[in-house]
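Observations on the three-dimensional arrangement
Residues per chain are reported as follows:
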Amino acid sequence: MIVTVEKSQLEKLFNLIKKEYEIVAPVLREGVIGLSAVNSLNQLPFGYTEVEEKNFYRVEKSNDKYMFSYIRASFPYKRFLIPPEFTFLKVKRENGKLAFEELTIEKKYAFFDVRGCDLRGIEVLDNVFLKKNQHPDSYYEKVRKNLFIVSVTCRKPSDVCFCYSMGVCPKPKRGFDILITELDDVLLLETGTEKGEKFVKKLDYRDAREEEIEESKKIEKNCIKSLKRSLNTEGFPEILYRNIESNIWNEIGKRCFACTSCTQVCPTCFCFDIVEKNNVNEGLSERVRIYDSCFNPDFATVHRFNIRESIASRYRQWYMHKFAYWVDQFGEFGCVGCGRCITWCPASIDVTEEEKKIRKL
Amino acid sequence: MVENPYLLKEAEIVEKIKETTDTYTFRIKCSDSFKPGQYNMIYYFGIGEAPISIAGFDGEILEHTIRAAGDVTSHIDSLKEGDLLYYRGSYGNFWDLEIAKGKSLVLVSGGLGFAAIKWVMEEAIKRKDEFSSVISLYGSKNYDSLLYTYHYEMWYREIDFKITLDNPDPRWKGDVGLITELIRKTKLNKDSIVFMCGPDPMVKFSVIELEKKGITPDRIYVSMERHMKCSVGTCGHCMFGPFFVCKDGPIFRYSEIREFFERKEV
Ligand SMILES: Cc1cc2nc3c(=O)[nH]c(=O)nc-3n(C[C@H](O)[C@H](O)[C@H](O)COP(=O)(O)OP(=O)(O)OC[C@H]3O[C@@H](n4cnc5c(N)ncnc54)[C@H](O)[C@@H]3O)c2cc1C
Ligand code: SF4
Ligand code: SF4
Ligand code: FES
């Protein structure tokens, strides 16, 4: 259904969802818009906006009248689907026998305000962990199945965004339970599922008018028009495969610190390590999944020999994975154009600039 | 609901055979299903898991040959007969003998890579008549690092089984030299099908020798080793070009991986 509600109805929607879910939403903390469990709509960073550029980030008061004038949070929702560190198996040893206790993540989250890029990011992770994997991940599935998604149309992009290049629209077309588009005077609500409809029906709503739907389309068009960055994906995987031995990787390798910042803020980077946490005296051991990164020096070590010794080769692995290997593995790109890695790279490495350089090789 | 891919199964070690100073073969009672070329993830309490090739299975007894290379493997090697072994699997693709039907099957292995070849070799012996010939070439660093010596007599009898040692030894009367030299010395048909497992450099140079004999890379299948943590295509550690070695492999047709395999740091 497509309806409109007064802006004041947002609080009611929030509270209705809160009754059934633990809400995770953008919050402003120590000058950065992050994500956190929240109790009240007031905690969202209404009235603020981000200024982002290569290796630059600042939150400012916005100079428009909109609630959703901030953009996406500085890090993606993935940590709520797969926590950065969690015990997935508890093992107890008794009389030479082992007993296993399977731990599950019992969370019923509602993500409140997922932008187009992050929504697409979740879709990409769905393919990695579930849909295109013959050994689907039960931990991911558990949280994912319970997940409720409220999406929001972006009114304006940040200067690092290039979502449209990666096939992502500022006004999402699918994947949400409810989509909110903030118009000048009212909110346009679109539902994607029955679960979403159930909540919207409890609001004071009326059918959306033709001109309101038009207005929402115009917002999207304007947003796309204001995108400052782009990445041409046309034939890019083939170009990358052709240039796998290019010296450009060494040049980037000289700048990259292998700090792993890009992999942490990326909504699609999924790599993890498994480590053991032991309590020897009690015969207890926990198996723990913990985020890892292809930039870490021991990531690809075989018999103490690191296959990717140089930082250049690690950057190449990351970039080629996003823009070439991923296409072969999952039939889509591993980048959704959120631009976060551009903002948070301390070496000012910009994936869109590198694309242009690679094309000129 | 999908099944938890990390749950471990329990099986009893019925026999522990000392292969070399640091390598043991475990015979494990087990009623699972496996295919030659696949591997299991073997767990040791409090230490972790390691991917280990399935070195044999007859429907009741599973075999694993494990070298104490580090933390996990040295702990597993400390297990005794009667102890329980915890594993999950099987994982990965398998050696498909159908491809070699009617042709000459050539098995090439180096070092511990022989563990990944042993079972398919035993199967090939059973089905000997289906191939025009079965040749197995195995390279070992030293006399003391030879694996499965107790089977040699039978293998010599059944197929064209050849061993070469990298280093000469007074106790050794057979071939000495690298596996590449053994390949060079052996008469091989152009239309042979090759199954190979060994360290990366061995594979690379063996392919060169095989090509000199007219065996093209599309007839060569290679089992690869990479760092593995999850074995189910989600941790990212085993990534190799566009492939996940854990689930797309560990066996690859060489013509399909050559462009990545022969490049540094992929
Ligand atoms: C498909 C496959 C089949 C294998 N078959 C056998 C076999 O039949 N017999 C045998 O003895 N060995 C085999 N190996 C190698 C064996 O898995 C490694 O020697 C072992 O993982 C090393 O772990 P560790 O803890 O003992 O060593 P450490 O050096 O103490 O640990 C290295 C760390 O790297 C991790 N790691 C993961 N994969 C590897 C790897 N491939 N090489 C090195 N470290 C790795 C370990 O889990 C550990 O966390 C195989 C490897 C693969 C990929
Ligand atoms: S690669 Fe960069 S721009 Fe693309 S999705 Fe990841 S963080 Fe966003
Ligand atoms: S590209 Fe930038 S953010 Fe990524 S590891 Fe290198 S220095 Fe860090
Ligand atoms: S071992 Fe984890 S992805 Fe292959």
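Residues numbered from 1 in each chain as written. Chains lettered and ligands numbered in written order. Predicted model: local features only at pLDDT ≥ 70, side-chain atom pairs only at ≥ 80, totals over all residues. Heavy atoms only, no water.

Below, the discussion takes up unusual backbone geometry. That bond from B:G89 to B:S90 is cis: its omega, 0°, falls within 30 degrees of zero. Considering the arrangement of structural elements, one finds B:S90 in strand β7 (residues 84-91). A cis geometry characterises the amide bond from B:G249 onward to B:P250, with omega recorded as 10°. Even without being a glycine, A:A258 presents a positive backbone phi close to 55°. Residue classification places A:A258 among the buried residues on the basis of a relative accessible area of 15%. (Helix = DSSP H or I, 4+ residues; strand = E, 2+ residues; numbered from the N terminus. Buried < 20%, exposed > 50% of the residue type's maximum accessible area, 1.4 Å probe, protein only.)

So, on to the site of ligand 1. In the vicinity of ligand 1, 24 residues are found, and the nearest of them are B:P51, B:T65, B:R67, B:D71 and B:T73. In this structure, ligand 1 sits where chains A and B come together, each supplying nearby residues. Between a nitrogen atom of ligand 1 and a main-chain N or O atom of B:T65, the distance comes to 2.8 Å. Contact distances for ligand 1 include 2.7 Å between an oxygen atom and a backbone N or O atom of B:D71. Its free accessible area being 830 Å², ligand 1 has 88% of it covered by the protein chains. Of all elements in the fold, only β4 (48-53), β6 (61-67) and α1 (71-76) of chain B reach the threshold of two or more residues within the shell around ligand 1. The element that contributes the greatest number of residues to the shell around ligand 1 is β4(B), accounting for five residues. (Near = heavy atom within 4 Å. Polar contact = N/O pair within 3.5 Å; in protein donor to acceptor, adjacent residues only side chain to side chain. Areas by Shrake-Rupley, 256 points an atom, 1.4 Å probe, with all protein chains shown as cover.)

Another aspect to go through is the sheet that holds strand β8 (residues 104-110) of chain B. Residue and element names in this part refer to chain B. With mixed pairing, seven strands are arranged side by side in an open sheet as β11-β10-β9-β8-β12-β13-β16. Both edges of this open sheet fall to β11 (175-176) and β16 (251-253), since each of them pairs with a single strand only. Pairing geometry for strand β12 (residues 193-197) and strand β13 (residues 220-223), over four bridges, is parallel. The residue of β13 that forms the bridge with V194 is I220. Together, β13 and β16 form the strand contacts of helix α7 (residues 254-261), whose direction differs from that of β16 by roughly 95°. (Pairing = 2+ DSSP bridges. Contact = heavy atoms within 4.5 Å. Axes fitted to C-alpha atoms, helices over the stretch in contact; angles between N-to-C directions.)

Let us look at the interface of chain A and chain B. Opposite the 57 residues of chain A that make contact, chain B presents 43 residues. Between chain A and chain B, a total of about 4300 Å² is buried, with carbon and sulfur atoms accounting for 57% of that surface. Between chain A and chain B we count four salt bridges in total. A:D273 serves as the salt-bridge partner of B:K229, at 3.7 Å between the closest nitrogen and oxygen. Here the side of chain A that touches chain B takes eight residues from helix α10 (residues 311-330) of chain A, the largest share from any one element. Residue classes in the side of chain A that touches chain B are distributed as 22 nonpolar, 15 polar and 20 charged. (Buried area = accessible area lost by both parts, 1.4 Å probe. Salt bridge = Lys/Arg side-chain N within 4 Å of Asp/Glu carboxyl O. Nonpolar A, V, L, I, M, F, W, Y, C, P; charged D, E, K, R; others polar.)

Residues and elements named next belong to chain A. As summarised here, the arrangement of the eight strands in space is β3-β2-β8-β9-β10-β11-β1-β12, forming an open sheet in which the pairing is mixed. Of all the strands in the sheet, just β3 (32-37) and β12 (206-207) have a single pairing partner and so form its edges. Here strand β2 (residues 22-29) runs beside strand β8 (residues 109-114); their pairing, made up of three bridges, is parallel. Paired with E22 across the strands is Y109, a residue of β8. Sitting on the sheet, helix α3 (residues 116-131) touches β8 and β9 (148-152), and the angle it makes with β8 is about 140°. Most of the contacts of helix α6 (residues 210-225) go to strand β11 (residues 186-191), to which it runs at about 90°, and overall it touches β1 (2-6), β10 (178-182), β11 and β12.

Take the domain arrangement of chain B next. Residues and elements named next belong to chain B. Partitioning chain B into domains gives domain 1 (9-91) and domain 2 (97-261). On a C-alpha basis, the centres of domain 1 and domain 2 stand 21 Å from each other. Three residues stand out in domain 1 for area buried against domain 2, namely E19, P36 and Y39, and they jointly supply 27% of the buried area on that side. Seen at the junction of domain 1 and domain 2, the total is one salt bridge. Here E63 ties to K118 by a salt bridge, and the two come within 2.4 Å at their closest N and O atoms. One can count nine residue pairs in polar contact (both at pLDDT 80 or more) joining domain 1 with domain 2. For the side of domain 1 that touches domain 2, the secondary-structure elements that each account for two or more residues are β1 (9-20), β2 (23-29), β3 (39-44), β4, β5 (56-57), β6 and β7. For the side of domain 1 that touches domain 2, the class distribution of residues is 10 nonpolar, seven polar and six charged. (Domains from an automatic or database assignment.)

Let us now look at the pairing of β11(A). All names here are of chain A. Across the six residues of β11, six count as buried, placing the element largely inside the fold. Judged by which residues are buried, β11 turns out to be covered on both faces: V186, L188 and E190 on one side and L187, L189 and T191 on the other are all buried. In the sheet, β1 pairs with β11 via five bridges, with the strands oriented antiparallel. Directly across from E6, in β11, lies its bridge partner V186.

What follows concerns the pattern of salt bridges. Counted under the stated rule, the structure contains 53 salt bridges over all chains. Between A:D184 and A:K65 there is a salt bridge, with its nearest N and O atoms 3.8 Å apart. Taken together, the residues A:D184 in the loop between β10 and β11 and A:K65 in the loop between β5 (56-61) and α2 (78-81) connect sequence positions 119 residues apart. Of the residues examined, A:D184 reaches a relative accessible area of 33% and is grouped as partly exposed. Residue A:K65 is classed as exposed on the basis of its relative accessible area, which comes to 56%. Taking the shortest distance from any N to any O, the salt bridge between B:D32 and B:K9 comes out at 2.8 Å. Residue B:D32 is found in the loop between β2 and β3, and its partner B:K9 is found in strand β1; the two are separated by 23 residues along the sequence. Owing to a relative accessible area of 23%, B:D32 belongs among the partly exposed residues under this scheme.

Across all of its chains, the model carries 59 aromatic pairs over all chains by this definition. Residues B:Y254 and B:F261 carry aromatic rings whose centres are separated by 5.6 Å and whose planes lie at 70° to one another, so their mutual orientation is edge-to-face. Here B:Y254 and B:F261 have matching classes, each one buried. Positioned above the aromatic ring of A:F75 is the side chain of A:R79, whose terminal nitrogen or guanidinium carbon lies 4.7 Å from the ring centre. Sitting above the plane of the A:F199 ring, A:K198 keeps its charged end 5.0 Å from the centroid. (Phe/Tyr/Trp six-rings, centres within 6.5 Å; stacked < 30°, edge-to-face > 60°. Lys NZ or Arg CZ within 6 Å of the ring centre and 35° of its normal.)

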